[in-house]
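Breakdown of the fold
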Amino acid sequence: MGTVDQRLDGAALKVVDAFDLDDELRTLLRPGDMVKDEQQRRHRLPRYFYEVPSHEAAMSIRVTPHFALNEFILVDLKEAPRLQQWPRYIPCAVRVLAFFLEQFRAGAGASVHIAVNGGYRSPGHKMSEKTASPHMWGTAADIYRIGTTILKTSEAIDKYNEIAEDLSEDVRVLPYGHVTGANADDHVHLDLGYITLIPREISEDRMEMPQENRPRFAFEERRQRKDRRQPVEHPGE
Ligand SMILES: [Zn+2]
């Protein structure tokens, strides 16, 4: 039980409507913009993000028992400089991805390691330039290592791709191969498609207008629920 209790300790994550952010951030995150995928299908970019205040918070906040928030925002210079400064932003759908990764970890029977640039990539990230990819929705992960296995061979990648695909019809993987975008030869790519998540803290009655500038925090409800679950003493029993 310890793990479950710790993961939200001190972690009231602010939920932001990206339309409320400053011009530079809005331009980089492009909330609500349409982008085309390789098949020319159009997908709407996410609007609601978690605001991650600091590196320490990213390290300590667990989205699920085995995945800390920082694992989804590891990037290098390919990401826009402003988006490497704190606070940082990650689409709220990352918690759905983390849930699936947790199942994937159980299926693989070993720890799952996301590569640098293998989690969330903003529309301003250099790897996002050509076409829409679920990485821009926070719903894709590139995994380079599972337990002690570095994923470089078709044998290893095929094996873990199969475990990922068996989780759900919603999971897509890239087959082993050497065509960037269509295949992967040094990681397992798994994604859930173009999921956008509207957190329950958000009111949708003003979909086209920015939300009022009232801070909203995720997980508050859950913490209260946990408080209610504290053992109740029954001295008479
Ligand atoms: Zn990928």
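This structure is a prediction, so every number in the text was calculated from the model and none was measured.

1. Comments concerning the overall build of the chain
On a plain count of helices and strands, the chain comes out with 6 helices and 13 strands. Here the chain holds 237 residues, and 46% of them are scored as buried. Within the chain, contacts between residues at least 6 apart in sequence are counted, and of these 69% link residues at least 24 apart. As displayed, the chain has an accessible area near 12800 Å², and 49% of this comes from carbon and sulfur atoms.

2. Describing the pairing of strand 9 (residues 140-146)
Along strand 9, 5 of the 7 residues are buried, which leaves the element largely enclosed by surrounding structure. The sheet contact formed by strand 8 (residues 112-114) and strand 9 spans 3 bridges and is antiparallel. Within strand 9, the position partnered with Ile114 by the bridge is Ile143. Bridging between strand 9 and strand 12 (residues 188-191) involves 4 bridges; their strand directions are antiparallel. Counted as the bridge partner of Ala140 is Asp191 from strand 12. Where strand 9 and strand 10 (residues 149-150) come together, 2 bridges link them in antiparallel fashion. By the bridge assignment, Ile146 is partnered in strand 10 with Thr149. A loop of 2 residues connects strand 9 with strand 10, the two strands running antiparallel in sequence, and Gly147 in this loop sits at a positive phi of about 60°.

3. Examining the coordination of the zinc ion
Coordination of the zinc ion by the protein is provided by His135 (NE2), Asp142 (OD) and His189 (ND1), with metal-donor distances spanning 2.0 to 2.1 Å. Donor residues binding the zinc ion come from one chain and are separated in sequence as H-x6-D-x46-H. Each member of the pair His135 and Asp142 is classed as buried.

4. Topic: the pattern of salt bridges
Opposite charge on two side chains permits them to pair, given that their charged atoms come into close proximity. One pass over the structure, following the stated rule, counts 9 salt bridges. Ionic pairing is found between Asp23 and Arg26, a salt bridge with its closest N-O pair at 2.5 Å. Of this pair, Asp23 and Arg26 both sit in helix 2 (residues 23-29), 3 residues apart, which is roughly one turn of the helix. Note on Asp23: relative accessible area 53%, which makes it exposed.

5. Points about the packing of helix 4 (residues 94-108) against helix 5 (residues 154-167)
Direction vectors running N to C along helix 4 and helix 5 enclose 130°, while the axes themselves pass 9 Å from each other. Classified by the interaxial angle, the pair formed by helix 4 and helix 5 is oblique. The way helix 4 lies across helix 5 gives a crossing that is right-handed. On the side of helix 4, the interface is formed by Phe100, Gln103, Phe104, Gly107 and Ala108, while helix 5 contributes Tyr160, Ile163, Ala164 and Leu167.

6. Overview of the sheet that holds strand 13 (residues 216-218)
If you trace the 4 strands from one edge of the open sheet to the other, you get 7-4-1-13, paired in antiparallel fashion. The two strands at the open ends of the sheet, each matched to only one other strand, are strand 7 (88-91) and strand 13. On average, each strand axis in the sheet is tilted by 45° relative to the strand beside it, whichever way the strands run.

7. Concerning helix 5
With 14 residues, helix 5 should reach 20 Å at 1.5 Å per residue; the first-to-last C-alpha distance of 20 Å fits that figure. Inspection of helix 5 places Ala156, Ile157, Tyr160, Asn161 and Ala164 among the buried residues, and these make up the whole buried set. Along the long axis of helix 5, the arc covered by the buried residues comes to 125°, so they all point the same way. Exposed side of helix 5, more than 90 degrees from the buried face: Glu155, Glu162 and Asp166 are the residues found there. The secondary structure elements touched by the buried residues of helix 5 are helix 4, strand 9, strand 10, strand 11 (172-173) and strand 12.

8. So, the side chain of Ser128
Residue placement: Ser128 occurs in the loop between strand 8 and strand 9. For Ser128, the residues in contact, after removing those within four places along its chain, are Arg121, Ser122, Pro123 and Met136.

9. Some thoughts on the nonpolar core
Ranked by internal contacts, the top residues of the largest apolar core, which has 50 residues, are Phe72, Ile90, Leu101, Ile143 and Leu190. Of all the elements, helix 4 adds the most residues to this core, at 7 residues. If near-sequence neighbours (up to four positions away) are discounted, Ile90 is found in contact with Phe49, Tyr50, Val52, Leu69, Phe72, Ile73 and Tyr120. Formed by 5 residues, the second largest nonpolar core is a distinct cluster that contains Val35, Ala132, Met136 and Trp137.

Parameters and conventions
- Residues numbered from 1 in each chain as written.
- Predicted model: local features only at pLDDT ≥ 70, side-chain atom pairs only at ≥ 80, totals over all residues.
- Heavy atoms only, no water.
- Helix = DSSP H or I, 4+ residues; strand = E, 2+ residues; numbered from the N terminus.
- Buried < 20%, exposed > 50% of the residue type's maximum accessible area, 1.4 Å probe, protein only.
- Contact = heavy atoms within 4.5 Å.
- Areas by Shrake-Rupley, 256 points an atom, 1.4 Å probe, with all protein chains shown as cover.
- Pairing = 2+ DSSP bridges.
- Donors = N, O, S within 2.8 Å, 3.2 Å for Na, K, Ca; no water.
- Salt bridge = Lys/Arg side-chain N within 4 Å of Asp/Glu carboxyl O.
- Axes fitted to C-alpha atoms, helices over the stretch in contact; angles between N-to-C directions.
- Parallel < 35°, antiparallel > 145°, perpendicular 65-115°, else oblique.
- Left-handed = near helix turned anticlockwise from the far one by under 90°.
- Expected span 1.5 Å × (residues − 1).
- Arc of directions from axis to C-beta.
- Core = buried A, V, L, I, M, F, W, Y, C linked by side-chain atoms within 4.5 Å.

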